[in-house]
Amino acid sequence: MNYLDLRSDTVTKPTPEMREAMAEAEVGDDVYGDDPTVNALQEKAAEMLGKESALFVPSGTMGNLLALLVHCSRGEEVICGDKSHIYVNEAGGMAALGGIYPHPIQNQKDGTLRLDDILASIQPDDQHRTITRLICLENTQNICGGVPLTVEYTNEVGALAKEHGLKLHIDGARLFNAAAALDVDAKELVASADSVTFCLSKGLVAPIGSMLVGTKEFIAKAFRLRKMLGGGMRQVGVVAAAGLISLEKMTGRLGQDHARAKSLFAGLKQVAGLRLAAEPSSNMVYFDLEDSVALTENQIIEEMKNHGVLVDYSAPRQFRLVTHYWVDDAGVEKTVQALRDVLK
Ligand SMILES: *Cc1c(COP(=O)(O)O)cnc(C)c1O
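Chains are numbered independently. Their residues run from 1 in the order of the written sequence. With the structure being a predicted model, the display of local features is reserved for residues of pLDDT at least 70 and the display and counting of side-chain atom pairs for 80 or more, all residues being used for whole-chain, interface and lining totals. Excluding hydrogens and water, the side-chain figures rest on all heavy atoms present in the structure.

> Tell me about the pairing of strand 6 (residues 167-171), and please be specific about residues and values.
Burial status follows relative accessibility: with a 1.4 Å probe on protein chains alone, a residue under 20% of its type maximum counts as buried, one over 50% as exposed, and anything between as partly exposed. Comment: elements are numbered from the N terminus, with helices defined as DSSP H or I runs of at least four residues and strands as E runs of at least two. Buried residues dominate strand 6, accounting for four of its five residues. Pairing between strands requires that DSSP locate at least two bridges from one strand to the other. The pairing of strand 5 (residues 131-138) with strand 6 spans five bridges and is classified as parallel. The residue of strand 6 that forms the bridge with Glu138 is Asp171. Each parallel crossover has a hand, and for strand 5 linked through helix 7 (residues 151-163) to strand 6 it is right-handed. By convention a crossover is right-handed if, when the strands point away from the viewer, the path from the first strand over the helix to the second runs clockwise.

The following block contains the structure:
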């Protein structure tokens, strides 16, 4: 059966055009820096974000870990959101593999970290304390609802970081969703960041891969560490070829996913038993189950599957539905109708 899959935007399978480009990609040994398709992808990514250099990595998690490892030494500290992916969903890699100490502070509902909270978290120069090295922001902020952080806010954090001799990393797994949601150039969103990660494998539809972007010096260090982590990938131009199509053709269409998320939100608002939060600003629709709903999360998932729709829950009694390239207007309608049937 061909399921309609709204569990995430990571489920996006490559388009026929991507598969063709992958089959025909010119390749070389990327560990030698010899893969022309990877090199083209890296140049394009750096250019699109207005940075000097970029590195193709197998996953966003590795991209973030590399950034943390380059910016911080063992025993040094990172200020990050308590709902950030690097803190919650990367298996504690920074601590386990880098000896880096996370200093989580509260993510506000709008995904931001309060400037006062950041300031209060910067350690004083004192032998009892760790050394604060880095601030991490996430854009869009996933757990807060796929909310975008604005250019103004990011620049404020960037200025604060500079003032205190800290680096700023942006986990921009869905950076281009943020750019589309705010109708700004992605460059502007990362102008004050020292490094950025973004995923090709989510709303940008590529099957595999993320980009890490920063200065030449930063990327040179990350290049060595990527080898250490086992991320040197040889003829990986076969994958990078899809990533080039992501950058050329997919970044500009994310607004369609956002419009469909809004119409999904509007449709689900009419379904009894669901409590919807704020209208989505990007491609994620979060809702809670009313107490009156007797079904468990897993029963809903199973029933939805019987209707041909795959969904997943993100917390007890809370679901997250994600629109993407393979969800069209009919798919939005089908999802609303299926939930109505399941909950009636
Ligand atoms: C998906 C995601 C990542 C990591 O990407 P993977 O490719 O799954 O490792 C990092 N940050 C955020 C916010 C994400 O949503």
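> Requested: an account of a negative patch on the surface, with residues and values cited.
Each patch is assembled from residues with relative accessible area greater than 30% and no salt bridge, linking like charges that lie within 9 Å and nonpolar side chains (Val, Leu, Ile, Met, Phe, Trp, Tyr) that lie within 5 Å. For the accessible areas, the method is Shrake-Rupley and the probe is 1.4 Å, while residue cover comes only from the protein chains on display. Whenever Lys or Arg places a side-chain nitrogen within 4 Å of a carboxyl oxygen from Asp or Glu, that contact is recorded as a salt bridge. Here the positive residues are Lys and Arg and the negative ones are Asp and Glu; neither His nor the chain ends is included. Just so you know, the charge point we use is NZ for Lys, CZ for Arg, CG for Asp and CD for Glu. A contiguous patch of negative charge on the surface is contributed by Glu152, Glu156, Asp185 and Glu188. You can see Asp185 is positioned in the loop between helix 8 (175-182) and helix 9 (186-189). Residue class for Asp185 comes out partly exposed when judged on its relative accessible area of 40%.

> Break down the packing of helix 2 (residues 36-49) against helix 11 (residues 237-250) for me, with residues and values.
The relative placement of two packed helices comes down to the angle between their axes together with the axis-to-axis distance. All axes are obtained by fitting lines to C-alpha atoms, using only the stretch in contact for helices, and the reported angles, taken between N-to-C directions, cover 0 to 180 degrees. Across the interface, helix 2 lies against helix 11 with an axial gap of 8 Å and an inter-helix angle of 30 degrees. Regarding the angle of helix 2 to helix 11, the classification is roughly parallel. For the pair helix 2 and helix 11, the sense of crossing is left-handed. Contacts between helix 2 and helix 11 involve Thr37, Val38, Ala40, Leu41, Lys44, Ala45 and Met48 from the former and Gly237, Ala240, Ala241, Gly243, Leu244, Leu247 and Glu248 from the latter. Angle categories: roughly parallel below 35 degrees, roughly antiparallel above 145, roughly perpendicular from 65 to 115, and oblique for all the rest. When the near helix sits turned anticlockwise from the far one by under a right angle, the crossing is termed left-handed; a clockwise turn instead gives a right-handed crossing. What makes two residues a contact is simply this: any of their non-hydrogen atoms within 4.5 Å.

> Outline the packing of aromatic side chains, supporting the account with residue identities and numerical values.
Here a Phe, Tyr or Trp ring, Trp counted by its six-membered ring, pairs with any other such ring whose centre lies within 6.5 Å, and the pair is stacked when the planes are under 30 degrees apart, edge-to-face when over 60, and tilted otherwise. Taken as a whole and assessed by the stated rule, the structure comprises four aromatic pairs. Seen in terms of ring centroids, Tyr313 and Phe319 are 6.2 Å apart; in terms of plane orientation they differ by 55 degrees. Their pairing is tilted. The class of Tyr313 is partly exposed, set by a relative accessible area of 35%. An aromatic cluster of at least three residues, connected via ring pairs, comprises Phe287, Tyr313 and Phe319.

> Mind laying out the sheet that holds strand 10 (residues 284-289), listing which residues take part and the relevant values?
Here we have four strands laid out as an open sheet, ordered 9-10-13-12, and antiparallel in their pairing. In the strand order of this sheet, the two ends are held by strand 9 (274-276) and strand 12 (312-315), each with one partner. Between one strand and the next, the sheet's axes are offset by a mean angle of 40 degrees, whatever the strand orientation. Pairing analysis gives three bridges linking strand 9 to strand 10, with the strands arranged antiparallel. Bridge pairing links Leu274 to Leu289 in strand 10. Sheet strands in contact with helix 13 (residues 297-306) are strand 10, strand 12 and strand 13 (318-322), and its direction is about 155 degrees off that of strand 12.

> Which residues make up the environment of Ala315, and what are the values?
Relative to the elements of secondary structure, Ala315 occurs in strand 12. Considering only alpha carbons, one finds Ala315 and Asp288, 27 residues apart in sequence, at a separation of 9.1 Å.

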